[in-house]
Amino acid sequence: MVAGARGLLALLLVVSAPLRLQAGELGDGCGHIVTYQDSGTMTSKNYPGTYPNHTVCEKTIRVPKGKRLILRLGDLDIESQTCASDYLLFTTNSDQYGPYCGSMPVPKELLLNTNEVTVRFESGSHISGRGFLLTYASSDHPDLITCLERANHYLKPEYSKFCPAGCRDIAGDISGNLVDGYRDTSVLCKAAIHAGIIADELGGQISVLQLKGISRYEGILANGVLSKDGSLSDKRFLFTSDGCSRSLSLEPDTQIRTTWQWVSEMGEQLHWSPGQAQLQDQDLSWASGDSSKNRKQREWLETDLGEKKKITGIMTTGSTQSNFNFYVKSFVMKFKNSNSKWRTYKGIANNKEKVFQGNSNFRDPVRNNFIPPIVARYVRVVPQTWHQRIALNVELFGCQITQDNDSLVWRKTSPNTVSSTKREDEIITSSIPSEEIPTGINVTTVVIPLVLLALLVAGMGIFAALRKRKKKGNPYGSAQAQKTDCWKQIKYPFARHQSAEFTISYDNEKEVTQKLDLITSDMAG
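- Under an unreviewed UniProt entry, the protein chain has the name Discoidin, CUB and LCCL domain containing 1 and belongs to Lynx canadensis.
- Regarding the protein chain, the UniProt comment filed under Subcellular location (unreviewed entry) reads as follows: "Membrane".

Written out as structure tokens, the structure is:
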């Protein structure tokens, strides 16, 4: 009796096991997902490996209201030929697209009549299949491409495309670097992230220039993407940008006092000072005198650029000495201007402190870009993790702040007013134009003739009085007369007073409204 009951229980467990497995796997079919305001990337789990059995991935994606949604399938590999248990389906409030599976024809792009769609991917039992890779964007970006498209897919010498958010961690190789260019077999969007043209969490527009290839492409780690060394190719490509990426002169601030000495095996004293932190120096780097990872007060390398500048990137190395295997593995950035507080650079998508990937050895350089740029005079590199001991060589990239380098943005307010906005680190004061200027011009058109008429009448009266005084021996152009306001109005009736149009001066940093200040100020919270 007991044996029979045990056998029945075992049978029930065997029968119910697949059901429990299927229920436990539900919702586990989503893989890599990155979404931003108007673009994103989504894959099945394990992509480009085989997607799991008995899973469902369902997610609603949307772009801002008033926009239409563009979907582009970069890859679809689903084993089923009937779409009964394995399929990809798009559903809106009014339409359904799919299901898609197997070898059936699948549109590369779908332009929907709405700003929202639900993506559903379901799998049953199967042996192989990569699943899917989907990118999307708003209808503002009809030139959307997927994360898999390579430069050699295009024949034009110059072209512009839109990369969605989320391409950094999608499989695909790149070879080359920002300076020399990239091999034409490289995937475009990942190369753009590597070059610092776009941020992975944002996506963005890229402009590509194709040129003749070179014999060798040198790889480097940049912005979390490792490019490989590459061999000769017929073509290569470069990204065009605003040109704000030249090397800035580094003068580490003397506030760094944690220098120390090391006696080598040869008996010579080695000095690790902040003055040696420039990447161009062939000597020792700056290194911390404290190797403890648990010290309460962190050390940093501070740079005074001499004036407020637009900083778009940083390159770091470790000690550069094989017998001193020291390097910083991760760091954060802090910045400030004169008479202001230190602020921490934050990610634009999540508004959290951004931790940058540092070096993985003492020798090879690593580059990181700031999107949006930092605008500051003083910059600190604050190590977070390191190998054995903190050691840094650094170089900052950027440019001077000018009126023409897309650095200014103005808040809308009424004309002829001055906006004073207190922020954590500065007071921004500037004259701000308004979109209602045409109305002001109409009023001025009416007022100016009346003012001129009044001045003319007053002038005639004064002129008559002066003639009478002249007859009595007073000079026409006496110094007393020239000092009167009325005389100035007569002498310069059309003298221009200060215009409502704004002017920009960089002599006083508190009078500069800087676009990237506004962005990074919001980021700093």
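The structure having been displayed, the exposition proceeds.
Examining the confidence of the model for the protein chain
1) Next: Predicted confidence across the protein chain gives a mean pLDDT of 74, with 62% of residues reaching 70 or more.
2) Next: Across residues 406-451, where pLDDT falls below 50, the model places 83 contacts with residues more than four positions away in sequence or in other chains.

Here's the deal with the state of the cysteines
1) Next: The full count for this structure, using the stated rule, is 5 disulfides.
2) Next: Note on cysteine connectivity: cysteine 83 is disulfide-linked to cysteine 101, with sulfurs 2.0 Å apart. Disulfide cysteine 83-cysteine 101: torsion about the S-S bond near -105°, hence left-handed. Taken together, the positions of cysteine 83 in the loop between strand S4 (69-77) and strand S5 (87-91) and cysteine 101 in the loop between strand S6 (96-100) and strand S7 (109-111) put the pair 18 residues apart, joining distant regions of the chain. For the pair cysteine 83 and cysteine 101, one class covers both residues: buried.
3) Next: Disulfide pairing is shown between cysteine 244 and cysteine 399; the S-S distance is 2.0 Å. Where cysteine 244 bonds to cysteine 399 through sulfur, the torsion about that S-S bond is close to -90°, and the disulfide is left-handed. In this pair, cysteine 244 is assigned in the loop between strand S18 (235-239) and strand S19 (246-248) and cysteine 399 in strand S28 (residues 391-400), connecting sequence segments 155 residues apart. Neither residue differs from the other here; cysteine 244 and cysteine 399 are each classed as buried.
4) Next: Ordering the disulfide-forming cysteines of the protein chain by sequence position, one finds them joined as 1-2, 3-4, 5-7, 6-8, 9-10.

Structural notes on the pairing of strand S27 (residues 366-387)
1) Next: A large share of S27 lies buried, amounting to 17 of its 22 residues.
2) Next: Bridge analysis of strand S15 (residues 221-222) against S27 gives 2 bridges, and the strand direction is parallel. For leucine 221, the partnering residue across the bridge sits in S27 and is valine 366.
3) Next: With 11 bridges joining them, strand S23 (residues 301-317) and S27 adopt antiparallel strand pairing. Bridging from a neighbouring strand, glutamate 302 pairs with arginine 380 of S27.

A word on the sheet that holds strand S8 (residues 116-123)
1) Next: Overall, antiparallel pairing links the 4 strands, which are arranged S3-S8-S5-S6 in an open sheet. The open sheet terminates on both sides in strands that have one partner only, identified here as strand S3 (55-62) and S6. The mean inter-strand angle of the sheet, taken between neighbouring strand axes irrespective of direction, is 10°.
2) Next: Bridge count between S5 and S8: 5 bridges; the pairing is antiparallel. Residue pairing across strands places tyrosine 87 opposite glutamate 122, the latter belonging to S8.

The rules behind these values
- Residues numbered from 1 in each chain as written.
- Predicted model: local features only at pLDDT ≥ 70, side-chain atom pairs only at ≥ 80, totals over all residues.
- Heavy atoms only, no water.
- UniProt positions renumbered as here; feature names shortened; annotations may be inferred.
- pLDDT = per-residue confidence, 0-100.
- Contact = heavy atoms within 4.5 Å.
- Disulfide = S-S within 2.5 Å.
- Helix = DSSP H or I, 4+ residues; strand = E, 2+ residues; numbered from the N terminus.
- Buried < 20%, exposed > 50% of the residue type's maximum accessible area, 1.4 Å probe, protein only.
- Pairing = 2+ DSSP bridges.
- Axes fitted to C-alpha atoms, helices over the stretch in contact; angles between N-to-C directions.

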